Structure formats: C-alpha cells, structure tokens
Amino acid sequence: MEPDTENIEVLPRQKYFLSKKMDNFFTAIYSVNKFILQYFKEAFSTPFEFKELINQCYQVGCKSLPLISLTGFITGLVFTKQSRPSLAEFGATSWLPSLISIAVIRALAPLVTALIVAGKVGSNVGAELGSMKVTEQIDAMEVSGTNPFKFLVVTRISAVTLMLPVLVLYSGLVGMLGAYLNIHQNELTSFPAFINSAFKTISFLDIISSIFKATCYGFTIGVAGCYQGYFAKNGTKGVGMAANTAVVLSMFLIFVEEMVIVQFVNAIR
Amino acid sequence: MDADQLMEKDKSTIDGETTVISIRNLKKSFDSNVVLNGIDLDILRGENIAVLGRSGSGKSVLIKIISGLLKPDSGTVKVLGQEVDKINGKALQALRLKIGFSFQSSALYDSMSVRENLAFPLIRNKRNLKTKEVNIAIEAVLNDVGLSKTINQMPSELSGGQRKRIGIARTLIMKPEIMLYDEPTSGLDPITCIEINNLIVKVQQQYNASSIIITHDLTCAKATANKVTMIVEGKFLIPGTFEAIFNKENPVTKIFYDYNFINSK
C-alpha cells in the first residue's frame, strides 16, 4: 500500500541536537577538553619556553605574596579567636593548636589561597589574553613565527599550577603564625609547645593532599583564565566577560574539586 | 611625493617569471555566508597588487588564508611554492617568517615598548643573534620607517600613523619576501596616508617584496599597486592596471571611483 504522503505534516528541521543550551554545554566541554589536550601536547614538546615560564612564575608567585601573607595571617588569627569560646566551655583550649593546624593545613590554606589566586591571577590572565585576542595581538604573534599557545597559554597554566602549591604552603605557615600570636597572647603558650602540639596531629598525608589539592586548583585557575581569554570575542565587552567568567568558573570548580578530593583523601586515610 | 609621483615608481623590481603567490578556485564560507566563491590570483615577485571591495566582502579573509590564520573550504593557495593549508605546523611557521602581515589595528604588543615589539620576532626566530646585532636591526628598520626617536616609547604613546609604521617595521625586521597590508591607510589623515603609501613603495623597492594591499582608499591603491583588483560577490574582477579597472564603464568600480575622486572634490 502506498503511503499517504500528502497528509503527512512536515515538521520544521531540528536546528539543535538536544536544545540550544545543552548543545552549547556539550560543545564547551568538548572544546575545553581539546584545549587541555593541546596544553599537554605543547607543554611536553620542544622548544620549551623556560624564560617566559620563569617570568610568569614571578608574576603569579612573587606578586601574590603580599596578598597571600595578609589573608593567610588573618585567616589563622580570626579562626583561632572564633574557636576559643567553644573549646573554653569544655576547658579544652589546649587543643587549639591541633584544631587550628588541622583546619589550616587540610582546608583553609588551600581553599583561601586558591580563591585569592583565582580572583587575582585568573581575572588578570583572562583579561590580558582576551585583550590580546580582540586587538589581534595573538594573530600577530602567530604570523611572526611564534606559537602563541605555547608562549602565552602553556607558560601561564604551568606557572599557576607550579606556584599555587608553594603559595598554599606559605599561606599555611603564615596562618599558623597568626594562630600562634593569638594563642600566645591568651594562653601564654611558648612557640616550641605550640609547634609540638600543632604538628603532632598533622600527618604526611595531610600535607601531600594539601599540595595535591593546590596543584589541581592551580591547573583549574590557569585553564579557566587562559581558555576564556584565548577565545574571547566581541571587543571590550568580551574582554570583561572573559575576566569575569574566568574568576566565577574557577571558584565554582575549586569548590567542586575540594568536595571530591576530600572524599577521596578521607577514603584512603 | 604625491600620489602621481608615486605612480612613476620604479617597476623594474618586478620579476615577470617567479610567481610567489598562486591562488586557484579559493572558496570560503562562514556558516551560510559565502565570502570567497572561486578566487584565482597570481602575484609575481616584486609586484604590488591592491585588493578593493566592500566591507565584509572577504578582503581580509583572503590575506588571513594566505598567511595560514584561516583555512580555506576548498581550492589551493600556494605561497612560495608551498600549499599553506597542507603543510605541517613547523613548515607553516618557517613559511610565515617570509611573510609580513601589517594588521589594520597595527596589533602592537601593548605591554612591550617599541624596541621590545621590534625585537620580539627577531629574538624568537633567530635565537643565536647577539644583542648588538638585534639593536642594529632595530635601528635600521626604525630608520626605514622614519621613527628612530620612538624606540623607547610604549605603543599607547604613539599616534595612529606611528603605530601603523611601527607595525610595518616589526614585519620588515624579518626581511619578508611577501607583505600583506590590511587597510594600511584606514583612519589616517591625508598626510599620514601619503607617508604610509611612500613606505609601501619603499618596501617594494628596497626589500623587493611582493605585496597584497587590502584597501578602500583608491589613492593608496593608485599610488602603491602595480595591479588592482576588486572582490565583487565573492569573485575577483580580472586584475589590471588602475586605469584599466576604473574605466568608469563597470558600475561597481564606478561607485568606488566616483566616491573617492569625484564626490570628495
């Protein structure tokens, strides 16, 4: 029997595979993965951009030190001050150094430092690369025989990934110093006693997991900043969007990673 | 030197036998928008060709394809004997050193001084050069573009014309065989335009470079190019001399001619 083709309702051709938002979401995931793969490919192929890498490490590491010092110190100091009343109720203020060291080394130092670096470095990288993109400076670099991905992206992502663990360890130490000053002021605890009490409860796994977390956060901040900047479009508006999205996305992903890594570390503890 | 004097420039640099750029049936679309629809072009060594056309007609796309910044949909683009879209990354990088690209926006690295901008391609591509040799090369190109005094200035401190000339100097430092100019005189005053036109001719003569000059400015085309062509609906008019193209019988070229030379008077 011949089908009745005349009465078949012709539906408009589907423009999107799922929906516009879903298609864009999966396209972005694919694009970011491609970007990350290209990073690894370029990072391990010659010629290496050591000079620019050192320059970026200086920009990310040294120039963030004052801010990290201040926030780390305040975090340790305030956390100690806020924890004291609860412990004092049970007469357990002697536990303060252990409590603070666990909180600072395991969670506060990596998280606070990563958020500060996401705000400072992530926005800077997003805006800088975005501005270079919309003013054709990246194209100019490419036509002058320089691989812009290797020179701009690989060096920046590597610098943030390498520098963040260093900044986290530094922030942890400064945070502990802030905590010690508060404890010393109130309980007259000596420095050796504080150190002894604080580090008694810290294990090697805590420090390693902290460094691992910081490395993941650094890589995330670098990728988010570079990806947003490198593919910025729509002029100055696009540059602002790139910087903004880089920070928001980094911060969101840092919290997600924190949650996943904590589960993982607790499972093997 | 005015535009007519420039037309009397020495054309003896053109080598009638060596084709440096050969384009056959080049097509490029962006989604449903067909920009280039079967472009054919040959450029000889030492020859300047001006490409005219309406905004969005694909002039800049053409030179971006030639320099490998964009990939064509179909067709062949041979630059110095190599197919730009077929060669690998390293070969393309080596080829690009022989191509100078002067961007419409100059595209100077705004975090670097003029000296650093000029040194950048040299240091990165000729790593065994000594600082003294780099400095000599920088001074030489700055002399060529007449901006020796700007060497320590930042791009933000330069005027539009100066930025264009530094952008050209940055490409000249690599002694390119081919120059691609994207709107070299757009947004500049007439005197600066004449300076840029002089510079383009000087580059042709001094460096024996072949050039593609993308422009709306017929004075620039007349002053700098040996041949002129126009992109109309994705295709080239047959390239010819300025006088042959603007014979006033073609309605499309007539509008350009009238706007530049009659309405402006």
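A quick note: this is a predicted structure, and the numbers were derived from the prediction, not measured.

A.B. asks: Explain the environment of S203 of chain A to me, please; I cannot follow it from the model alone.
C.D. replies: Residues and elements named next belong to chain A. When you line up the elements, S203 lands in the loop between helix 7 (191–200) and helix 8 (204–230). The exposure class of S203 is partly exposed, given the 14 C-beta atoms found within 10 Å. Distance in space between the C-alpha atoms of S203 and R269 is 9.8 Å, their sequence separation being 66 residues.

A.B. asks: Looking at this model, I keep getting lost on unusual backbone geometry. Mind explaining?
C.D. replies: It is generally the case that most residues other than glycine have a negative phi and that most peptide bonds are trans. Omega for the bond connecting T46 of chain A with P47 of chain A falls within 30 degrees of zero, at -5 degrees, which places this linkage in the cis form. Within the element layout of this structure, P47 of chain A appears in the loop between helix 1 (20–43) and helix 2 (50–60). Notably, L80 of chain B is not glycine yet its phi reads approximately 50 degrees, a positive angle. Position of L80 of chain B relative to the elements: it lies in the loop between strand 4 (74–79) and strand 5 (82–83). By C-beta crowding, L80 of chain B is classed as partly exposed, having 17 other C-beta atoms within 10 Å.

A.B. asks: Help me understand the interface of chain A and chain B, please; the structure alone is not making it clear to me.
C.D. replies: Interfaces are often described in size by the accessible area the parts lose on coming together. With 10 residues of chain A in contact, the opposing surface of chain B contributes 14 residues. Grouping the amino acids of the side of chain A that touches chain B by side-chain chemistry returns 2 nonpolar, 5 polar and 3 charged.

A.B. asks: Sorry, what's going on with the pairing of strand 7 (residues 178–182) of chain B here?
C.D. replies: If a strand is regular, its side chains alternate between the two faces of the sheet. Residue and element names in this part refer to chain B. Taken across its 5 residues, strand 7 has 5 buried, putting it largely inside the fold. Because side chains alternate across strand 7, one face comprises the buried residues I178, L180 and D182, and the other comprises M179 and Y181, equally buried. Where strand 6 (residues 99–102) meets strand 7, 4 bridges bridge the pair, whose relative direction is parallel. Residue I99 lies in a different strand from strand 7, and its bridge partner there is I178.

Criteria and thresholds
- Residues numbered from 1 in each chain as written.
- Chains lettered and ligands numbered in written order.
- Predicted model: local features only at pLDDT ≥ 70, side-chain atom pairs only at ≥ 80, totals over all residues.
- Helix = DSSP H or I, 4+ residues; strand = E, 2+ residues; numbered from the N terminus.
- Buried ≥ 20, exposed ≤ 12 C-beta atoms within 10 Å, placed from the backbone.
- Contact = placed C-beta atoms within 7 Å.
- Nonpolar A, V, L, I, M, F, W, Y, C, P; charged D, E, K, R; others polar.
- Pairing = 2+ DSSP bridges.

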